[in-house]
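Read off the chains here:
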Amino acid sequence: MKRRFNYTGRQKLRHEDVVICLQQDGAGVFCQMDLRLDRYHFPVDAMLCVEAYRNFYKERHEFGRIGSLRRPIEFQLKNFPGTTAVRFRVKVVEPGGTGRILAHADGLVPRTPTEQQRAGLCLLPVRYSADLDGELWRLNWDNGEGPVLLEINAGVPDPESVVHRPEFRAAVFPEVLRQILRRAYEQGGQEDEEETWPSHWLRFAEEGLGVPPPPESAEEYEVEEWINEAVRKFCEKNSLLKKYSAAVAGERGEEQP
Amino acid sequence: MMRELRQFTSDGLTRFRDFLNELKQDPSREIPRDLLEDPDLTRSVTGSGRLQIEERALHTRLEAGEYLNQVLGGLADPLSGPELWAWLTLLFFDSVCPPEENGLRKPAAEARYIPDQSGFRRYRHALQGPFEIYRAFRDNPDAAMLLLWGPVSRQDEIWEQITSRPVLVQAKPLLEAATLLYFDRDRGIPLRGAASRGPGSVRRFGAIVMQLDRTWDLDSMDARRIIDLLPAEFDRYRRRLHDRFS
């Protein structure tokens, strides 16, 4: 493996922290960026810019200080000759006009709205852990400070395939979503401009599932109803039961519907 | 002469490719202009309506870039495939591959006439490259004169060195800096030594700037500031620039 030394102190923004959704319609090409910077600790007056590029073309959009970003981050590509093979570069630049790059992510592939919806569970990073004792999975809240993790017991055969199995998804994901939405609601975040894991999940419920969170003053039963509705929509959109049934039927050698 | 803008079908593209191969064997071969409007081998290109294009001489990359942007500027995605660009090449073949003094043509690699769709090698196309450069710099084509000055029939070392690193073209201040450093505006050609492999050459400029791009947000700087960031090996060109403007 080729090793490189980074003498510049520049950080690399993880691609999973920068999700750009691109939509083209008769009115133009529109982009929405989901940016999670909470783990990087940049100065609040560092500047954010996004560059879309393809071949010789580049279109640059500057969004000002990262401490006062307006969400959602949206922009329109105005001078691009089509959207095939367009890629994005995101830079966080030192304040004070020095031009020094503090962090960047390059080669970002935009998602279509459908892909974005399908990728909803990317909100939940997966880690394989040897410390789960007898449990197959566990939600790790990182003391509520970091992003939640779905931990899978590394001791089972082929642990990486676990989250892709329809039986596991159907049995576990609804409960995972239920727990996360409950805690996200309790911790708040829908009015919070900072990028925190609760705000990501509350936005996912609202935009990805079409179920806006109830107000802070909601009664317990209203919160319960909201979570149930979100979980129901999630199962429906991902056809969890149908895929489970098909997988079980396949194992039994039955004809699948 | 005005013609309807068309593009090859896949069969038309094959026929054009056959012609290029035949031309290598027989440099006196006549240009198959009848392909341009063959309804079985071409189809119309439509934007907001049927488009017209003038069959004319294109002397420089600047002229080609400007004219093709006028004609194709309204298309939703003029870069989507090789069929349009191969058809344009045939239309302007006398400019793209002119006969030499003895009347014979000397065709270059196929990528000069049919865009190579793999990655960034598309810049090697004789017309698509100038089209893209001009489009990127249409607000200030002067800043790209280091690339746009030459004939469409030839691509020199400077073209190769710069266009093979798309970052140098994507960040407008970078190509502007290269044009300031290496282009002799009085004579309309690059300075002697710019195309060499030595210190301070365009080749070295590309290599150094790729390093700077990792650390500095070069797009936010103007061309002069980028030139100031270059190491001492560029002093010869930097001094000339300083003398010119002081």
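Because the structure is predicted, anything quoted here is derived from the model rather than measured.

(A) Geometry of the overall build of chain B. Tallying secondary structure elements over chain B gives 12 helices and six strands in all. Among the 246 residues that make up chain B, the fraction classed as buried is 54%. In chain B, once contacts between residues fewer than 6 apart in sequence are set aside, the share between residues at least 24 apart is 71%.

(B) Region of interest: the packing of aromatic side chains. All names here are of chain B. What the rule picks out here adds up to 14 aromatic pairs over all chains. The structure contains a cluster of three or more aromatic residues connected by ring pairs, namely Phe-8, Phe-16, Phe-19, Phe-93 and Tyr-113. Cation over ring: Arg-56 sits above Tyr-67, and NZ or CZ is 4.4 Å from the ring centre. Here the guanidinium or amino end of Lys-172 rests over the ring plane of Phe-137, the centre of that ring lying 5.9 Å away.

(C) Representation of the interface of chain B and chain A within the structure. Facing 29 residues of chain B, the contacting portion of chain A comprises 25 residues. Summing both sides of the interface, chain B and chain A together bury roughly 2200 Å²; the carbon and sulfur share of this comes to 46%. The three residues of chain B that bury the most area against chain A are Gln-170, Arg-214 and Asp-217 of chain B, which together make up 28% of that side's buried surface. There are four salt bridges connecting chain B and chain A. One salt bridge in this structure joins Lys-91 of chain A and Asp-217 of chain B, with 2.9 Å as the shortest N-O distance. For the side of chain B that touches chain A, the secondary-structure elements that each account for two or more residues are helix H5 (128-136), helix H8 (166-170) and helix H10 (202-215) of chain B. Ranked by the residues each element gives to the side of chain B that touches chain A, the list is headed by H5 of chain B, at six residues. Considered class by class, the residues forming the side of chain B that touches chain A number 14 nonpolar, five polar and 10 charged.

(D) Local environment of the packing of helix H2 (residues 166-187) of chain A against helix H5 (residues 240-252) of chain A. Residues and elements named next belong to chain A. Following both chains from N to C, one finds H2 and H5 inclined at 145°, their axes separated by 8 Å at the closest point. Every pair of crossing elements has a handedness; the one defined by H2 and H5 is left-handed. Counted together, Pro-166, Glu-167, Arg-169, Ala-170, Phe-173 and Pro-174 of H2 and Leu-240, Lys-243, Tyr-244, Ala-247 and Glu-251 of H5 form the full contact between these two elements. Classifying every residue of the contact of H2 with H5 by side-chain character gives seven nonpolar, no polar and four charged.

What counts and how
Residues numbered from 1 in each chain as written. Chains lettered and ligands numbered in written order. Predicted model: local features only at pLDDT ≥ 70, side-chain atom pairs only at ≥ 80, totals over all residues. Heavy atoms only, no water. Helix = DSSP H or I, 4+ residues; strand = E, 2+ residues; numbered from the N terminus. Buried < 20%, exposed > 50% of the residue type's maximum accessible area, 1.4 Å probe, protein only. Contact = heavy atoms within 4.5 Å. Phe/Tyr/Trp six-rings, centres within 6.5 Å; stacked < 30°, edge-to-face > 60°. Lys NZ or Arg CZ within 6 Å of the ring centre and 35° of its normal. Buried area = accessible area lost by both parts, 1.4 Å probe. Salt bridge = Lys/Arg side-chain N within 4 Å of Asp/Glu carboxyl O. Nonpolar A, V, L, I, M, F, W, Y, C, P; charged D, E, K, R; others polar. Axes fitted to C-alpha atoms, helices over the stretch in contact; angles between N-to-C directions. Left-handed = near helix turned anticlockwise from the far one by under 90°.

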